[in-house]
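# Reading the structure
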Protein chains: 2
Amino acid sequence: MKALAHYRSVYENELFNHVIPFWEKHSVDRRNGGFWNCLDRDGTRYDSKKFIWLNGRQTWMFSKLYTAVEQRPEWLEIARLGADFLRTHARRDDGRVYFSMTETGEPVHMQRKIFSECFWIMAMAGYSRASGDASAMGEAKELLEKVWKWSRDLAKVGRPVYAGDTPSQSLAIPMILLNLIEEVAGDDRETYRPEVEECIERMLLHVHEDEETVYETVAPDGSFIDSIEGRLLNPGHAIEAGWFLQHWAQYLKRDDLSRTAVNMVRWSYDRGWDREKGGIYYFLDSKGYSPTQLEWNMKLWWPHCEALYAHLLTYSITGNEQDRAAFEQVHEYTFSHFPDHKFGEWYGYLDRDARVTHRFKGGPYKGCFHVPRALLLCWKRMSE
Amino acid sequence: MKALAHYRSVYENELFNHVIPFWEKHSVDRRNGGFWNCLDRDGTRYDSKKFIWLNGRQTWMFSKLYTAVEQRPEWLEIARLGADFLRTHARRDDGRVYFSMTETGEPVHMQRKIFSECFWIMAMAGYSRASGDASAMGEAKELLEKVWKWSRDLAKVGRPVYAGDTPSQSLAIPMILLNLIEEVAGDDRETYRPEVEECIERMLLHVHEDEETVYETVAPDGSFIDSIEGRLLNPGHAIEAGWFLQHWAQYLKRDDLSRTAVNMVRWSYDRGWDREKGGIYYFLDSKGYSPTQLEWNMKLWWPHCEALYAHLLTYSITGNEQDRAAFEQVHEYTFSHFPDHKFGEWYGYLDRDARVTHRFKGGPYKGCFHVPRALLLCWKRMSE
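Each residue is numbered by its place in its chain's sequence as written, counting from 1. For this description, chains carry letters from A and ligands carry numbers from 1, given in the order in which they are written. With the structure being a predicted model, the display of local features is reserved for residues of pLDDT at least 70 and the display and counting of side-chain atom pairs for 80 or more, all residues being used for whole-chain, interface and lining totals. The side-chain values count all of the structure's non-hydrogen atoms but skip hydrogen atoms and water molecules.

## Points about unusual backbone geometry
Residue and element names in this part refer to chain B. In plain terms, the rule: Each residue gets one of three labels from its accessible area relative to the maximum for its type: buried under 20%, exposed over 50%, partly exposed in between, using a 1.4 Å probe on protein chains only. Helix and strand assignments come from DSSP, with helices taken as H or I runs of at least 4 residues and strands as E runs of at least 2, each series counted from the N terminus.
The backbone of Lys253 shows a phi angle near 55 degrees, a positive value even though the residue is not glycine. Residue Lys253 is classed as exposed on the basis of its relative accessible area, which comes to 72%. Phi angles above zero are rare outside glycine, and Glu345 is one such case at about 55 degrees. Checked against the element boundaries, Glu345 lands in the loop between α11 (321-337) and β13 (349-350).

Here is the structure:
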């Protein structure tokens, strides 16, 4: 393995010289606030809509850079532009948050899901910590309470339940709530202890030890559902869930949880890795049928970002060579195919053979988040 | 070019010996009625849900075989099983039709679109003609009236409109209504003359002669919208719309419409054909940006099915060698990659390089429809 110092300088250079400058230069709308998301390879805007998942995440990201790296006024200013847009425009009176808006903040679309709300909360929590604006944290906590209730009853956000619907629960919900609580609570984690325990309990229902499999969707009692949805594996998502859980295992000092988190990362990576062509598949079917998602065999940037940090974190805890080798394997693949040093940021989408299929750097679901978060987390972990 | 008689026997053999038997053998639920849709390469069921677009289309298809090919009692019986399931279970009291159901007919999901309703109508119209059951046609006409109203105001089916939403219209709506009216009206087309004229007018707004481009989504006055949605091209869809329009142009004896229909097919094929690897792209961006759909460069079965019939029909009208060459090109590509003579039916999904990415023959959006309809239409046209 190359020396840690080598990787550390690679991640530092990538983050501060190739990734963050792209977003600083091309995404910030200094007139209306908020961030443009649809940015072509060279940063050219190909759509002016603002996507709220991505506006929330970028607000959080620049807040984090300010608090965790260096108090550069320009980073706080970018975070403020994001937070102002989100507060002024993105939230409806009932607390619900839009999915997409015009560049001046008129609503375009609202999802029947709670993720826009989650990233709004994440943004406000991060921004409050960066700016010292306590009311932003108050708003984050207030919306978190609502989202907590909605997460138990999605009918409340307009998702009707029909008689033939198989009762099920999705890994995404407890997973994002766990991450949100980490962001909102800060050093005050004890306040959220019951919610954290419940999220962990719900997440563990997805981890089937006997089959070494993490399912995206299970029955409310955790049992397997033999359908397209029940067999679906999303290895990158399960790997990300693994490091979310590991953070809590470390904080709670629970070895059992830590072992489970290690397993989630190892099993999902092992299952998701394309042994023939390299890279992590987007979707798989646990019984080997073809997933119905057309993009199942593509290699997306974000599962690779999540795997970088998850393996590094796991290795830092276990000291096991298997985890180091996994980190090096995913590092090698990722840095060979995703970065674009000519214009900055990373490509998001490769075909199974690792050819770039989409030249843009930002789109409705790709913003300033997975790449810089993973680089920052890895860089900080390597510095420790 | 090979002799027409050669193609005719190829299409006949494919339809009656390789495609229809697959669905007869594996899809029919003789206990509950309706059709299973999720069928693996060899017909094994990998999910028991019933998708209503596909149940409607298969009911129509077997009705059509019965009326247009041969009055085989087993085909009528299959159509009846489909029609009974659709009538008993798929329609809600307010006329809305579910998107998916359990195999015993409990609702699972309802879309905020009108396509389930459209295929329900198509099924009932076809079944009524095959069976002589006049009440099925009455039900089809009654629902068509509702769908006509809903199509002008999608908020009525639960699709909220927000302040920042760009007013737009989608090619899919006038196109499917035009096809539905053809199916419902039969020989009584004059009754629907005003509706037909309106559909044609709305469709023509999508055809931009100066750019030789057919847009999926345009402003209500037909003008171009410079956004992800406005620039989207779906060549297979535009080709299909071309032959829907050509059918009406022939019936109405309107040369101007016929020429436009010819252009829609030629331009969309020319634009959609992958000159490097062959096959028709699923999506393109009219200004050359990367489409945001992850599957944009895949080669799907249905655009190729639609192109087969569209080129053949166009050639039969124009007698132009260009159209014959286009038919032969798409025939060659299609028959080299999609059929599976080991187990029957066609694969649905190829990557850009024409490798099969999904081994199943039936899935939530692929049923007994595009392949047999195109084969039947081509075979009949070649027989004339």
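## Points about the side chain of Arg57 of chain B
What counts here: For this analysis, residues touch if any pair of their heavy atoms sits within 4.5 Å.
Counting through the fold element by element, Arg57 of chain B comes out in helix α2 (residues 52-68). Look past the residues within four positions of Arg57 of chain B in its chain and what remains in contact with it is Phe119, Cys368, Phe369 and His370 of chain B.

## Quick look at the relation of the copies chain B and chain A
Under the convention used in this document: Only residues with pLDDT of at least 70 in both copies count here: their C-alpha atoms drive the least-squares fit that superposes the copies.
Under the fitted operation, chain B is carried onto chain A by 0.0 Å of movement along the axis and a turn of 180 degrees, and the coordinates agree to an RMSD of 0.0 Å. What the superposition gives is, in effect, a two-fold axis relating one chain to the other. Judged by C-alpha distance, Glu295 of chain B is the residue of chain B that lies nearest the rotation axis, at 3.0 Å. Of all interface residues in chain B, 100% are interface residues in chain A too; the two copies therefore contact each other through one and the same surface.

## Re a negative patch on the surface
This is how it is decided: Patch membership requires more than 30% relative accessible area and the absence of a salt bridge. Residues of like charge join within 9 Å; the nonpolar side chains Val, Leu, Ile, Met, Phe, Trp and Tyr join within 5 Å. Computed with a 1.4 Å probe, the accessible areas rest on the Shrake-Rupley method; for each residue, only the protein chains presented here act as cover. Put simply, a salt bridge is a Lys or Arg side-chain nitrogen that is within 4 Å of an Asp or Glu carboxyl oxygen. Counted as positive: Lys and Arg. Counted as negative: Asp and Glu. His and the chain ends are not counted at all. A charge is said to be at NZ when it belongs to Lys, at CZ for Arg, at CG for Asp and at CD for Glu.
Residues Glu209, Asp210, Glu211 and Glu212 of chain A make up a contiguous surface patch of negative charge. Look at Glu211 of chain A and you get partly exposed, because its relative accessible area is 37%.

## Description of the sheet that holds strand β13 (residues 349-350) of chain A
Worth spelling out the cut-off: Paired strands, as defined in this entry, are two strands with at least two bridges between them according to DSSP.
Spatially, three strands are ordered β12-β13-β14 (chain A) in an open sheet, and the strand pairing comes out antiparallel. The open sheet has two edge strands with one neighbour each: β12 (299-300) and β14 (356-358) of chain A.

## Some points on the sheet that holds strand β4 (residues 100-101) of chain A
All names here are of chain A. Pairing within the open sheet is antiparallel, and its three strands lie in the order β3-β4-β5. The open sheet is flanked by β3 (50-51) and β5 (107-109), the only strands paired with a single partner. As paired strands, β3 and β4 are joined by two bridges and run antiparallel to one another. The partner of Lys50 across the bridge, within β4, is Met101.

## Some points on helix α1 (residues 4-26) of chain A
All names here are of chain A. To keep things clear, this is the line we draw: The length a helix should cover is 1.5 Å for every residue beyond the first. The angle separating two fitted axes, one through the seven residues that finish at a residue and one through the seven that start at it, defines the bend at that residue.
With 23 residues, α1 should reach 33 Å at 1.5 Å per residue; the first-to-last C-alpha distance of 32 Å fits that figure. At Ile20, α1 is bent by approximately 35 degrees, the largest bend along its length, and proline Pro21 sits one to four residues beyond. Along α1, the residues classified as buried are Tyr7, Tyr11, Glu14, Leu15, Phe16, His18, Val19, Ile20, Phe22, Trp23 and His26. On the buried face of α1, the contacting elements are β1 (38-39), α2 (52-68), α3 (73-90), α10 (301-318), α11 (321-337) and α12 (370-383).

Nothing here speaks to function; it is geometry throughout.
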